[in-house]
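# Report on the structure
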Amino acid sequence: MINSTTGEITLQKKLDRNKEKKYDLFVKASDGKHDAYLPLRVDVLDVNNFPAVFKPQNYSVNISESLELGMFLLQVSADDMDSGMNRKIQYSFQNGNENRTFHLDKETGVITLAKTLDYEDTSVHILTVSAKDEGIPPLESRNLAFVTIRVIDTNDNSPIFDLSSYSKLVPENVKVGTKILTVRATDKDSGNYGTVKYTIPLSGLPFRINSSTGEIFSSFALDFEKQTAYNFIAVAIDGGKPHRKGFTIVNVTLEDVNDNLPIFQPSRYHISIPEDTNVGSVIAKVTVSDNDGTQNNSMILLTGDNRDTFKVLEDGSVVLLKTLDNLKHSRYNLTINATDTGQPALVSSTPAIVFISVLDVNNYFPQFTNSTYVVKILQPKIKDFIGKAILNVSATDKDRAPDGTIEYFILDDSERETFTMNPTSGEIVLKKILGESREFYVCARDTIKPSSYSCSQVVIKIEGTEQEGKWNWSLTQTRDSYANPRQSRGFVYLLRILPTTLNSQSERALYFFVLL
């Protein structure tokens, strides 16, 4: 209202700029005679008396965890019934953005992504936003905006096994279908992305894996002797598209079981050794094998017979324990068994048999049945003996053939023009007429090299000649140049016989050897 006297205009009721922003007045002044008029506008100035209010108050959005940084998520909005600067609003996070994962534009209320999301870390983010106007003094919003951001899982994690490698020691005789071990992998992703299936990509292995549980079973018989260990990769595959995979190494070591018998290779041995082989000599070596591992295949070799003559060492060496004698025992059959060190121990099913032949050594000299052979021929009958045998000498040798096989020969080369001698039978044949008595030596030697031999004297007496008479005997010691080179331990005595009647034409001395 206006004071008619003073012209003072006063407010009669409370103003509300939100209802009426201005008033247009027309003021009249009158002195009773004349009137004057004045137009008057009253603008209602805003006073910051209204806080901002969020409309709506609740916000939510679903976003992929793979969303790129800086992408728009949503916009919050608040209203202020004031005007001017009193109506201008600034937004800020109150709670929920401690890691500064999101950015809020303080003027527009737009929320964008500031950091990479990880569903496996936080699947839901709940933020509170406040609003404040720019009045003097500024007023805070009466309520808060609640923003719910749900992170949608993506297949961004690969399955991870609990262990980078698994190891198991398994007896080789486990039954087919036995569970060996279990591998386990987890995937942080959710839903189908986190579902894990197992597989063994390498084919031909004696194992199979349960695709759901990761249990590994034997799929066919194991054999330590064929393969002692298996190393392979197990794979975990998630349900994403495309799949993501995890890997681990599986080491299965087989434990040897004593399931193989020792085997001799070969099982028959034929050995020939001379009878003078030194005691302690290794005369043969048998070979035995066992397909089991080292803890089961150490061999203990046992002789089956003749243990007093031979010994078998653990390495298969056959050792001579006693002096051999071909004449007493020319053959031995040695039976050998093998046992391993497994539990229980296994014995070879087929023994090794060593057939040992003891070879004769040239131990003995041939011995003539007579030390001297005397043949008497009448002078008139000599022609009748030409081309015929006049004597058959004989010698024996205690050695076995071929050492004991005897060969005969005439010692003096000059006599071979008059006599021939059969080397096998010892038969002496006269080749031409004799004019006088003759003495020469024949020898018997064995056929082994070096030979042993002995000699005997042959006396051919032509009766009815001046050669008849008495004989004197003398004994002279000498070394025998014909003695066995291998047996030089004795002496040979040379017996010299002289006739009592001597002349320049008939003087002869008979010589023969005596071996002592």
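Below: a short report on this structure. Predicted model only: the values in this text are computed from it and were never measured.

Conventions adopted
Residues numbered from 1 in each chain as written. Predicted model: local features only at pLDDT ≥ 70, side-chain atom pairs only at ≥ 80, totals over all residues. Heavy atoms only, no water. Salt bridge = Lys/Arg side-chain N within 4 Å of Asp/Glu carboxyl O. Helix = DSSP H or I, 4+ residues; strand = E, 2+ residues; numbered from the N terminus. Buried < 20%, exposed > 50% of the residue type's maximum accessible area, 1.4 Å probe, protein only. Pairing = 2+ DSSP bridges. Axes fitted to C-alpha atoms, helices over the stretch in contact; angles between N-to-C directions.

## Considering the pattern of salt bridges
Tallied over the entire structure, the rule returns nine salt bridges. Here Arg-445 makes a salt bridge to Glu-407, at a shortest N to O gap of 2.9 Å. Of this pair, Arg-445 sits in strand 37 (residues 438–446) while Glu-407 is found in strand 34 (residues 406–410), placing the two residues 38 residues apart along the sequence. Overall, Arg-445 belongs to the partly exposed group, its relative accessible area being 31%. For Arg-416, the salt bridge goes to Asp-413, with nearest N and O atoms at 2.9 Å.

## Remarks on the sheet that holds strand 7 (residues 89–95)
The strands making up a sheet associate through backbone hydrogen bonding, with each pair oriented either parallel or antiparallel. In spatial order, the strands read 4-11-10-7; together these four strands make up an open sheet with mixed pairing. What marks the edges here is a single partner per strand, and that holds for strand 4 (58–64) and strand 7. Averaged over all pairs of adjacent strands, the angle between strand axes in this sheet comes to 30°, irrespective of strand direction. In the sheet, strand 10 (residues 124–133) pairs with strand 11 (residues 145–152) via six bridges, with the strands oriented antiparallel. Bridged to Val-129 within strand 11 is Ala-145.

## Describing the sheet that holds strand 36 (residues 427–430)
Pairing is antiparallel across the open sheet formed by three strands, whose spatial order is 32-36-35. Lying at the two open borders of the sheet, with one neighbouring strand each, are strand 32 (389–392) and strand 35 (419–421). The average undirected angle you get between the axes of adjacent strands in this sheet is 25°. Bridge count between strand 32 and strand 36: three bridges; the pairing is antiparallel. By the bridge assignment, Asn-392 is partnered in strand 36 with Glu-427.

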